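Reading the structure
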Amino acid sequence: MKKFIKRGVLFLIITGIVSLVVGFLSVFISKKTFDYKIKEKKNILIVGNSHTECSINDSILSNSINLSQSASSYFYSYMKIREFTKYNPQIDTVIISFSDNDLFSEKEKWFSSSEKINNKMTRHIILFNKDDYLDLFKSNPIEVIVQTFILYSDFYNLHTKKRDFIGSYNKINVNKIDEDIIEFNRSPPIIDSIIAITELQYLLKIYNFTQENEIKLILLNTPIHPILEKHFSVIRQRNCSSIARDQMPNATYFDHTSFVLKNSDYADLSHLNNKGSNKYSEFLQSIFNK
Amino acid sequence: MLFNTLEYFLFLPITFFLYWAIKETKYQNIFILMSSYVFYGWWDWRFLFLIFLSTVVDYFVAMRIEQTHKKKSKKIYLLISIIFNLSILGFFKYYNFFIDSWIELLSKIGYQVTDVWTLKIILPVGISFYTFQTMSYSLDVYRSKIKATKDFISFASFVSFFPQLVAGPIERASNLLPQILSKRKFDYKQSVNGLRLILWGLFKKVVIADSLSLLVTPIFENYTSLNGGELLLGLIYFSFQIYCDFSGYSDIAIGTAKMFGIELRSNFIFPYFSRDISEFWRRWHVSLSSWFRDYIYIPLGGSKKGKWITIRNIFIIFIISGFWHGANFTFIAWGLIHALLYLVIALSNKNRRYTTSIVAENRMTPSIKEIFQISSTFFTVMISWVFFRSNTITDSFLYLKKMMINFDIPISYRTGLVYVIFFIMCDWLNRKDERNPLNISIVYVRWTAYILMLLLILGHGGQKNEFIYFQF
């Protein structure tokens, strides 16, 4: 048994060291080779979660690049803004998804749950600095340590899918709105009025960063289906409008939740499909043209 | 608890060290039983009572079978075991299927059933495996092949032994029970070999099967919009996904059991190197196919009672085998296809040509004839997998039709070929001993291979996909 334990421990130590070396090496290479530079004429950076990911077609909204990704905490959006503005000084506008849904207390998990860290950390590792790593470590040390041993795991994806791997416009072809309406009527979603503190902290960090760098910040509440819009209208007024007004006075808040669309333009109650996103992107383009 | 999760990698070493710290077999068995119930209860503790009930019923039934001298009474007790086990299996696995099929049949002849009779039944994980295992115990006692045990704890450990509880191999009491009853000593070589099997099993599951599943799912979901070449790739990928997924689970189960000083039966013996369909069935899911052979096919007369009885028996076991996999007509169709394929070879008396040796046993490469045999067997098996994977029989036929009519060079989904080719090469090099993978003689090369495999497993490990055979 002693021999078994000795050899087992030795094997684990060697594997641990090798995985850390390979991991740090892969991060170093990825950071050096990743293409942060976007086209000169693109001055609008879109970040956030699935709402902006599915709603804004960056080939229609000219001069924009959509780096949103579903289930992204503001923590990851902050890193994207910081790193991409560093390499692309032409960026003068940032659009970020901002809805009552982003600030639900449930969304605390988007930052610190093992499931989300597992899904997001190695994916975004090239954007991390020491402080980001420590912040995440404090929230969930075990999962962050586990992920540190597999930093190399998204090396291949980062090199093949490139920028799309950390976010892009998501063209959805499905429409399951009828099923969702039935489900909504059967059990309407719970209205959660408690704010996700960490999410708000990172949103305010984004706000301060854009203020310091003279970047226009647009808080965007994207279109949702009318039954959902009505359901959350009170909480939206209480949360989004007041937070935008009181805590980010210099940011622009666009509440487009009631933007008129047909049922066939939705993927589900809170996301647009490609038809809806094309219409909405054209509408956004018209706003920017003005 | 899944084998490919962090929980299991904490559970396994803790259980392993505590188990060997216990010196007495009696207490080791109590510990195995407790660990197995924790392992199963981690998924859903409410279903522990089903395992317990099945254990209690077969424990007492087997004792009664042995104690009674009247043949009729023995038969009655055996029937109690069979009816009980098949009833819980039938209720949890097939109730909704029969109700849905009945409603559909009535609607076809003009009766519309408005009341929904179906129940929201959760399929208890592993029910198809442990019910078959306990039934085989009562059957073996009935046939006087083994003696009924009076040691309830050991019997309960045999039924619920955690490495093979949820997806096999389906063990026989004649193999596992004596090992549980006898004294076990820690064996360095056996434990190292067990760890090697676990590593190889995890590699098959996490690196090969889970990576292929990311390609298989979109191909089968969007088969109407893909060309024939891509659909062929989808089929090849699924063939290797299901093999690596299930044989990977079996390897982890066998490896884990070895660490506890117990040898389980082999379940997969390089089935894709089979030279005909009968050899395939001696190498694929061996514990289930031999179960059907020993407890259904042979008692029904096997191939000894004439051509028509043989044909009937072949159809019976393959249809039951299909139905065992799931409550859907697609599985029955899959069983029927295999029955037909097997029938051709059985009626020409060629079904026992390759009973022992593996292909190209003393050579590095197969002959042209063997390549042709292996390829044609794989091709027929692969075609049958369409029925296994599709949602409906119509989908299966449409998939095959589209694959043949619209055949073209695949444009997308080609990356999976890297995994398939790499795996075939590894499997070919391993092919002499399924229980001893990664047995490289040079220490440094062996350790490098272990480390590389572990890094790949960890790097691919984010998805934590369930094992396919959990649903059966």
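As the structure is a prediction and not an experimental result, all values here were calculated from the model.

**Overview of the overall build of chain A**
Looking only at helices and strands, one finds 14 helices and seven strands in chain A. Against the globule reference of 19 Å for 290 residues, chain A gives a C-alpha radius of gyration of 21 Å, in line with a compact fold. Projecting the C-alpha coordinates of chain A onto the three principal axes gives extents of approximately 70 × 50 × 40 Å. Residues counted as buried form 39% of the 290 residues belonging to chain A. Sequence separation of at least 24 residues holds for 79% of the intrachain contacts in chain A that already meet a minimum separation of 6.

**Considerations on the sheet that holds strand β1 (residues 44-47) of chain A**
All names here are of chain A. Read from one edge of the open sheet, five strands run β2-β1-β3-β4-β5, paired in parallel fashion. Each end of this open sheet is capped by a strand with a single partner; those strands are β2 (64-66) and β5 (252-255). If you compare each strand with its neighbour and ignore which way they point, the axes differ by 20° on average. Note: strand β4 (residues 216-221) against β5, four bridges, orientation parallel. Each bridged residue has a counterpart across the sheet, and for N221 the counterpart in β5 is D255. Contacting β1 and β3 (93-97), helix α3 (residues 74-87) crosses the sheet at an angle of about 160° to β1.

**A word on the domain arrangement of chain B**
A common way to express how large an interface is: the accessible area buried when the components associate. All names here are of chain B. Taken domain by domain, chain B comprises domain 1 (6-185) and domain 2 (189-275 + 354-471). Taking only C-alpha atoms into account, the centre of domain 1 sits 28 Å from that of domain 2. When contributions to the side of domain 1 that touches domain 2 are tallied by element, the ones reaching two or more residues are α1 (6-21) and α7 (173-181). With three residues, the top contributor of residues to the side of domain 1 that touches domain 2 is α1. Along the lines of polarity and charge, the residues of the side of domain 1 that touches domain 2 split into nine nonpolar, four polar and three charged.

**A few points about the nonpolar core**
I65(B), F158(B) and Y342(B) are the most contacted members of the largest nonpolar core, which totals 102 residues. Top element by residues in this core is helix α8 (residues 188-221) of chain B. It accounts for 16 residues. Both domains that meet at this core, namely domain 1 (6-185) and domain 2 (189-275 + 354-471) of chain B, each give it at least three residues. Beyond its immediate sequence surroundings of up to four residues, F158(B) is in contact with A173(B), L176(B), L177(B) and I180(B). In this structure, Y76(A), I125(A), I177(A) and A244(A) belong to the second largest nonpolar core, which totals 54 residues.

**With respect to helix α12 (residues 307-325) of chain B**
Residue and element names in this part refer to chain B. Counted at 1.5 Å a residue, the expected span for α12 with its 19 residues is 27 Å, and the 28 Å between its end C-alpha atoms agrees. The set of residues buried in α12 consists of N313, I314, I317, F318, S321 and G322. Along the axis of α12, the buried residues cluster in a sector spanning 160°; they form a single face.

**What to know about the interface of chain A and chain B**
Counting residues at the interface gives 15 residues for chain A, matched by eleven residues for chain B. Per element, the largest residue contribution to the side of chain A that touches chain B is eight residues, and it comes from helix α1 (residues 2-33) of chain A. Taken together, the residues of the side of chain A that touches chain B sort by class into nine nonpolar, five polar and one charged.

**Looking at the environment of G234(B)**
All names here are of chain B. Locating G234 in the fold gives a position in helix α9 (residues 228-259). Residue classification places G234 among the buried positions, given that 30 C-beta atoms sit within 10 Å. Separated by 186 residues in the primary sequence, G234 and L48 place their C-alpha atoms 38 Å from one another. Beyond its immediate sequence surroundings of up to four residues, G234 is in contact with V216, I219 and F220.

**A look at the confidence of the model for chain A**
Residues at a pLDDT of 70 or more form 99% of chain A, whose mean pLDDT is 89. Within chain A, β1(A) carries the highest mean pLDDT (95), whereas helix α4 (residues 100-103) of chain A carries the lowest (78).

**Thoughts on helix α11 (residues 286-297) of chain B**
Here α11(B) has its buried residues at V286(B), S287(B), L288(B), W291(B) and Y297(B). Elements that come into contact with the buried residues of α11(B) comprise α5 (127-142), α10 (277-283) and α12 of chain B.

**Details of the pairing of β4(A)**
Examined bridge by bridge, β3(A) and β4(A) share five bridges and lie parallel to one another. Residue T93(A) lies in a different strand from β4(A), and its bridge partner there is K216(A).

**Description of unusual backbone geometry**
Most peptide bonds adopt trans geometry, and most residues besides glycine take a negative phi value. Although it is not a glycine, E214(A) adopts a positive phi angle of roughly 50°. You will see that L438(B), though not glycine, has its phi angle at about 55°, which is positive. Along the chain, L438(B) turns up in the loop between α16 (416-430) and α17 (443-460). On the basis of neighbour counts, which here come to 18 C-beta atoms within 10 Å, the residue L438(B) falls in the partly exposed class.

**A closer look at the pairing of β1(A)**
All names here are of chain A. Neither face of β1 is exposed, since I44 and I46 on one face and L45 and V47 on the opposite face are all buried. Crossover connection from β1 via helix α2 (residues 50-55) to parallel β2: handedness right-handed. Across four bridges, the pairing between β1 and β3 is parallel. Within β3, the position partnered with I44 by the bridge is T93.

Criteria and cut-off values
Residues numbered from 1 in each chain as written. Chains lettered and ligands numbered in written order. Predicted model: local features only at pLDDT ≥ 70, side-chain atom pairs only at ≥ 80, totals over all residues. Helix = DSSP H or I, 4+ residues; strand = E, 2+ residues; numbered from the N terminus. Rg over C-alpha atoms; globule rule 2.2 N^0.38 Å. Buried ≥ 20, exposed ≤ 12 C-beta atoms within 10 Å, placed from the backbone. Contact = placed C-beta atoms within 7 Å. Pairing = 2+ DSSP bridges. Axes fitted to C-alpha atoms, helices over the stretch in contact; angles between N-to-C directions. Domains from an automatic or database assignment. Nonpolar A, V, L, I, M, F, W, Y, C, P; charged D, E, K, R; others polar. Core = buried A, V, L, I, M, F, W, Y, C linked by C-beta atoms within 7 Å. Expected span 1.5 Å × (residues − 1). Arc of directions from axis to C-beta. pLDDT = per-residue confidence, 0-100. Right-handed = clockwise from strand over helix to strand, strands pointing away.

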